[in-house]
Amino acid sequence: GENVGLHLPTLSVQEGDNSIINCAYSNSASDYFIWYKQESGKGPQFIIDIRSNMDKRQGQRVTVLLNKTVKHLSLQIAATQPGDSAVYFCAEREGAQKLVFGQGTRLTINP
Amino acid sequence: DSGVTQTPKHLITATGQRVTLRCSPRSGDLSVYWYQQSLDQGLQFLIQYYNGEERAKGNILERFSAQQFPDLHSELNLSSLELGDSALYFCASSVGTGHNSPLHFGNGTRLTVT
């Protein structure tokens, strides 16, 4: 099922359910946001991005929502699969080039 | 496969030593970034180069330095190594300066300082 909360270090969901990973960002001037997935032993893998002039963007099985009023970003994964198990990082772009990463949320999938 | 290549994959060295990490960006990408990831920590931005020139600097220690060569590959030099420098070091690249374009990461170099 859906799990709602902020700054959850670990999120556990049933296979086939939808997952929601939340992120609070700090800089109201940030204008570009990215979600990354990091599997064990690998580098962060780009999932989806969104610019600050958008509220929602959809990809394949993923949706990113941006709420600038409360500086909140979320990643929704539909029909979660075992291969979705990983640590998910949100990142915000502060200033011209600097990309700042959040602490990350570990997503585990229960069979 | 992101197209970003990092070598070596693993590096074990002693305190006080110096090491060089190497990164080849994706074909066509002009920007290279270096990040450090300690155990259970997020990614900390170290430095960015764009087309051979330093573009942005993060919390990079004075013992660390980097450069980007004419062929666009980059090297991160870590000297006078301390135990606390043990971490994963990631290189990433992007089209242009990274403005509204995602960074693509390599699989990192795991540095262990003993």
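Attention here is on the structure that accompanies the text.

Conventions used here
- Residue indices follow the written sequence of each chain, beginning from 1 at its first position.
- Chain A is the first chain written and ligand 1 is the first ligand written, with later ones labelled in order.
- With the structure being a predicted model, the display of local features is reserved for residues of pLDDT at least 70 and the display and counting of side-chain atom pairs for 80 or more, all residues being used for whole-chain, interface and lining totals.
- Only heavy atoms go into the side-chain values, all of them from the structure, while hydrogens and water stay out.
- The helix and strand labels rest on DSSP assignments: H or I over at least four residues marks a helix, E over at least two residues marks a strand, and numbering proceeds from the N terminus.
- To get the radius of gyration, use the C-alpha atoms; to get the globule rule, take the number of residues to the power 0.38 and multiply by 2.2 Å.
- Categorising residues by exposure relies on relative accessible area from a 1.4 Å probe, with only protein chains included: less than 20% of the type maximum marks a residue as buried, more than 50% marks it as exposed, and the intermediate range marks it as partly exposed.
- Should any heavy atoms of two residues lie within 4.5 Å, those residues are considered in contact.
- Neither His nor the chain termini are counted; the positive set is Lys and Arg, and the negative set is Asp and Glu.
- Charged groups are reduced to one reference atom each: NZ for lysine, CZ for arginine, CG for aspartic acid, CD for glutamic acid.
- Note on pairing: two strands pair once DSSP finds at least 2 bridges between them.
- Inter-axis angles, ranging from 0 to 180 degrees, are taken between N-to-C directions of lines fitted to C-alpha atoms, where helices are fitted over the stretch in contact.
- Two parts lose some accessible area (1.4 Å probe) when they are put together, and adding that loss for both gives the buried area.
- Throughout this description, the term salt bridge denotes a Lys or Arg side-chain nitrogen within 4 Å of a carboxyl oxygen of Asp or Glu.
- In protein, a polar contact requires one atom able to donate a hydrogen and another able to accept it; more generally it is a pair of N or O atoms within 3.5 Å, and residues adjacent in sequence count only if both atoms are side-chain atoms.
- Classification used: nonpolar for Ala, Val, Leu, Ile, Met, Phe, Trp, Tyr, Cys and Pro, charged for Asp, Glu, Lys and Arg, polar for all others including Gly.
- Throughout, disulfides are identified as pairs of cysteine sulfur atoms within 2.5 Å of each other.
- By convention a nonpolar core is built from buried Ala, Val, Leu, Ile, Met, Phe, Trp, Tyr and Cys residues, the set being connected through side-chain atoms within 4.5 Å.

1. Some remarks on the overall build of chain A
Item 1. If you tally the helices and strands in chain A, you get 0 helices and 10 strands.
Item 2. The order of helices and strands in chain A, counted from the N terminus, is β-β-β-β-β-β-β-β-β-β.
Item 3. For 111 residues, the compact-globule formula gives about 13 Å, and the C-alpha radius of gyration of chain A, at 13 Å, lands near that figure.
Item 4. Dimensions of chain A, computed from C-alpha atoms along their principal axes, come out at roughly 40 × 30 × 25 Å.
Item 5. For chain A, buried positions account for 42% of its 111 residues.
Item 6. Taking as baseline every contact in chain A between residues at least 6 positions apart, the subset at least 24 positions apart corresponds to 49%.
Item 7. In chain A, 11 positive and 10 negative side-chain charges are present, and the distance between their average locations comes to 5 Å.

2. Quick look at the sheet that holds strand 7 (residues 64-68) of chain B
All names here are of chain B.
Item 1. Strand order across the open sheet formed by 4 strands is 1-3-8-7, with antiparallel pairing between neighbours. Looking along the sheet, the strands with just one partner apiece sit at the ends: strand 1 (5-7) and strand 7. Averaged over all pairs of adjacent strands, the angle between strand axes in this sheet comes to 15 degrees, irrespective of strand direction.
Item 2. Taken together, the 3 bridges between strand 1 and strand 3 (residues 19-24) define a ladder with antiparallel strand orientation. Counterpart to Gln6 in the pairing with strand 3 is Cys23.

3. What to know about the interface of chain A and chain B
Item 1. Counting residues at the interface gives 20 residues for chain A and 22 residues for chain B.
Item 2. Around 1,600 Å² of area is buried between chain A and chain B when both sides are counted, 54% of it from carbon and sulfur atoms.
Item 3. For the interface between chain A and chain B, the tally reads 0 salt bridges.
Item 4. At the boundary of chain A with chain B, the tally comes to 4 residue pairs in polar contact (both at pLDDT 80 or more).
Item 5. Within the residue set of the side of chain A that touches chain B, elements represented by two or more residues are strand 3 (32-38), strand 4 (45-51), strand 8 (86-94) and strand 9 (98-101) of chain A.
Item 6. The class makeup of the residues in the side of chain A that touches chain B is 8 nonpolar, 6 polar and 6 charged.

4. Brief notes about the state of the cysteines
Item 1. For the structure shown, the criterion picks out 2 disulfides over all chains.
Item 2. Bridging Cys23 of chain A to Cys90 of chain A, the disulfide has an S-S length of 1.7 Å. Where Cys23 of chain A bonds to Cys90 of chain A through sulfur, the torsion about that S-S bond is close to 40 degrees, and the disulfide is right-handed. Of the two residues, Cys23 of chain A sits in strand 2 (residues 19-24) while Cys90 of chain A sits in strand 8, which places them 67 residues apart along the sequence.
Item 3. Given the relative accessible area of 8%, Cys23 of chain A is considered buried.
Item 4. A disulfide bridge connects Cys23 of chain B with Cys91 of chain B, and the sulfur atoms are separated by 1.8 Å.

5. Concerning the nonpolar core
Item 1. Of all hydrophobic cores here, the largest spans 21 residues; its most connected members are Leu21, Trp34, Leu76, Leu78, Tyr89 and Leu111 of chain B.
Item 2. Those elements that provide at least two residues to this core are strand 3, strand 4 (31-37), strand 5 (43-50), strand 7, strand 8 (74-78), strand 9 (87-94) and strand 11 (109-113) of chain B.
Item 3. In this structure Leu21 of chain B touches Thr7, Leu11, Trp34, Ser74, Glu75, Leu76, Leu78, Tyr89 and Thr109 of chain B, once residues within four positions along its chain are discounted.
Item 4. Counting 20 residues, the second-largest nonpolar core is a separate cluster that includes Leu73, Ile77, Tyr88 and Leu107 of chain A.

6. Quick notes on unusual backbone geometry
Residues and elements named next belong to chain B.
Item 1. With omega at -10 degrees, the peptide bond leading from Thr7 into Pro8 counts as cis.
Item 2. Position of Pro8 relative to the elements: it lies in the loop between strand 1 and strand 2 (10-13).
Item 3. Positive phi values are uncommon outside glycine, yet Asn51 reaches one of about 50 degrees.
Item 4. In this structure, Asn51 sits in the loop between strand 5 and strand 6 (53-57).
Item 5. Here Asn51 falls in the partly exposed class, since its relative accessible area comes to 47%.
Item 6. Of note in this structure, Leu72 is not a glycine but carries a positive phi near 80 degrees.
Item 7. Tracing the sequence through the fold places Leu72 in the loop between strand 7 and strand 8.
Item 8. Relative accessible area serves as the criterion here: at 16%, Leu72 is assigned to the buried category.

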